[in-house]
Amino acid sequence: MASTVPEYVAVPLRLKTKEGIWGRIKNIMFIASGVSQTIASYYWHGPEDSSWSLRFHILKNILKKYLAESLPQNTPNELSEKIDFAYIADYIAMNNLPSRALTPDIGHSKEFDILVDQDLCAEYKLERYGMSGDKLNVLAEEDRARAQDGQQRTVSCQIVVGSEARACAECKTSIGQMPQTRVLEPEPLDPDERVVLHFHGGAYCVGERSLTHLHVYARMSSSTGLRVFSPNYRLAPRSCFPSQLHDCFLAYRDMVRRGFKPENIMLSGDSAGGALAVALVFVLREMGIQSPAGLMLISPWVDSTCSGASWQNNQGKDYLPPLNLENPFHPTRMFYAAGRRFSKQMLEELRCPLVSPIFGDLSEMPPMLVLIGQNELLHDDICDF
């Protein structure tokens, strides 16, 4: 019996869809138009905020243009099932945010692989979370089956040490000299070493391999004196919820298995990564697994339903564009269930605390530091959290 080829609709895309000179030119023109418009507006109308420099305006508006225009924002909900999201995933990866390699004066990094074996994949006992817990168990069972067949999956992870961190300073003679290998190995430097486990942001869709965050991690390491670990969790829309949470759970368990004590691990996350950090603690608490020492959340995306009033009131000053949940390309839609129509049922599912931590029980949580900007679209959601 012949297989049926899905009939996908054509999606107008403004950035490159193929590698090569013409694709680069297309992206350069896209960025150049945003830069020229920002410069003209800055000198004609003045800064949007007296404390914002021209450079800040350019960075904000380029990000906003990228997020608002790289994917169409007027696609009807009814076309959700007819969009080739595997192709969209390739397109997003091809046009991922640019990355900058670390220089020795900033810090050093190394990548290692977490081997997802049967021991690492615990059975999730999350009856409280209903369908979300069931989905996590499906992923865990798939990983256990792969491991049993000798085809273990891996989750790559970054280790970053800032140039001014204690762990880095103790093992080199000058700031331009690479640290000893041991500092960039995924093992405790001493039995009571404290570390940061950070989950990167990017609306669950961008930030692949965490390379866009390397400089953030290096500065975090230098400021805290701690090494920073960050797993490269799977991205949407190729891998939807709860793949990201499952990978973060595996990364935490792997660190504990390597000898890092939970009371010496500080969980950290920005934007979507902040939501993952809180959701992970919900999972650990429910399963009776020791939680980390605390959480540091930077503009955490705690409400995937985007219900706060600041999503409307702060539209003029945030780089995040206003988006409609009816749009199949809304980050929430691509993260949670790419290719599925939005409905009242989906909205109810999005209120699960493992998807939107704002709806969770914050009792018996580790200490939390939450950082937020007053002009963010996320402002009111975070305040309500």
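Residues numbered from 1 in each chain as written. Predicted model: local features only at pLDDT ≥ 70, side-chain atom pairs only at ≥ 80, totals over all residues. Heavy atoms only, no water.

Enquirer: It is not clear to me how the pairing of strand β2 (residues 153-162) should be interpreted in this structure. Could you clarify?
Expert: It is a general feature of regular strands that their side chains alternate between the two faces of the sheet. Most of β2 is tucked away: nine of the ten residues are buried. Two elements, strand β1 (residues 107-116) and β2, share ten bridges in a ladder whose sense is antiparallel. Across the sheet, valine 116 pairs through a bridge with arginine 153, a residue of β2. Pairing of β2 with strand β4 (residues 227-231) involves four bridges; the strand directions are antiparallel. Bridge pairing in β4 places isoleucine 159 opposite phenylalanine 229. (Buried < 20%, exposed > 50% of the residue type's maximum accessible area, 1.4 Å probe, protein only. Helix = DSSP H or I, 4+ residues; strand = E, 2+ residues; numbered from the N terminus. Pairing = 2+ DSSP bridges.)

Enquirer: Any chance you could explain the pairing of strand β5 (residues 265-270) here in plain terms?
Expert: Of all six residues that make up β5, five are buried, and the element is covered over most of its length. The sheet contact formed by β5 and strand β6 (residues 294-298) spans five bridges and is parallel. Note on β6: the bridge partner recorded for leucine 267 is leucine 295. Between β5 and its parallel partner β6, the chain crosses via helix α8 (residues 272-287), and the hand of that crossover is right-handed. (Right-handed = clockwise from strand over helix to strand, strands pointing away.)

Enquirer: Please clarify how helix α6 (residues 214-224) should be interpreted in this entry.
Expert: In an α-helix, one turn spans 3.6 residues, which is why side chains three or four residues apart end up on the same side. Residues Leu214, His215, Tyr217, Ala218, Met220, Ser221 and Ser222 constitute the buried set of α6. In the core, the buried residues of α6 are packed alongside β1, β2, β3 (195-199), β4, β5 and β6. Two residues or fewer past α6, glycine 225 is found with a positive phi of approximately 75°. (Contact = heavy atoms within 4.5 Å.)

Enquirer: What am I meant to see in the nonpolar core here?
Expert: Of all hydrophobic cores here, the largest spans 83 residues; its most connected members are Ile88, Phe229 and Leu354. Counting residues per element, this core draws most heavily on α8, at twelve residues. Not counting residues within four places of it along the chain, the set of residues in contact with leucine 354 comprises Leu126, Tyr129, Ser132, Leu136, Phe241, Leu245, Ala279, Phe282 and Val283. Counting eleven residues, the second-largest nonpolar core is a separate cluster that includes Leu102, Ala218, Val228 and Met296. (Core = buried A, V, L, I, M, F, W, Y, C linked by side-chain atoms within 4.5 Å.)

Enquirer: How do you make sense of the sheet that holds β6 when you look at a structure like this?
Expert: Through backbone hydrogen bonds, the strands of a sheet pair up, either in parallel or in antiparallel fashion. The sheet built from seven strands is open, its strands ordered β1-β2-β4-β3-β5-β6-β7 with mixed pairing. Bordering the open sheet on either side are β1 and β7 (368-371), each of which pairs with just one other strand. Adjacent strand axes in the sheet meet at a mean angle of 20° when their direction is disregarded. Where β3 and β5 come together, five bridges link them in parallel fashion. If you follow valine 196 over to β5, its bridge partner there is methionine 266. Across the sheet, helix α7 (residues 243-257) lies against β1, β2, β3, β4 and β5, angled at about 100° from β1, the strand it touches most. (Axes fitted to C-alpha atoms, helices over the stretch in contact; angles between N-to-C directions.)

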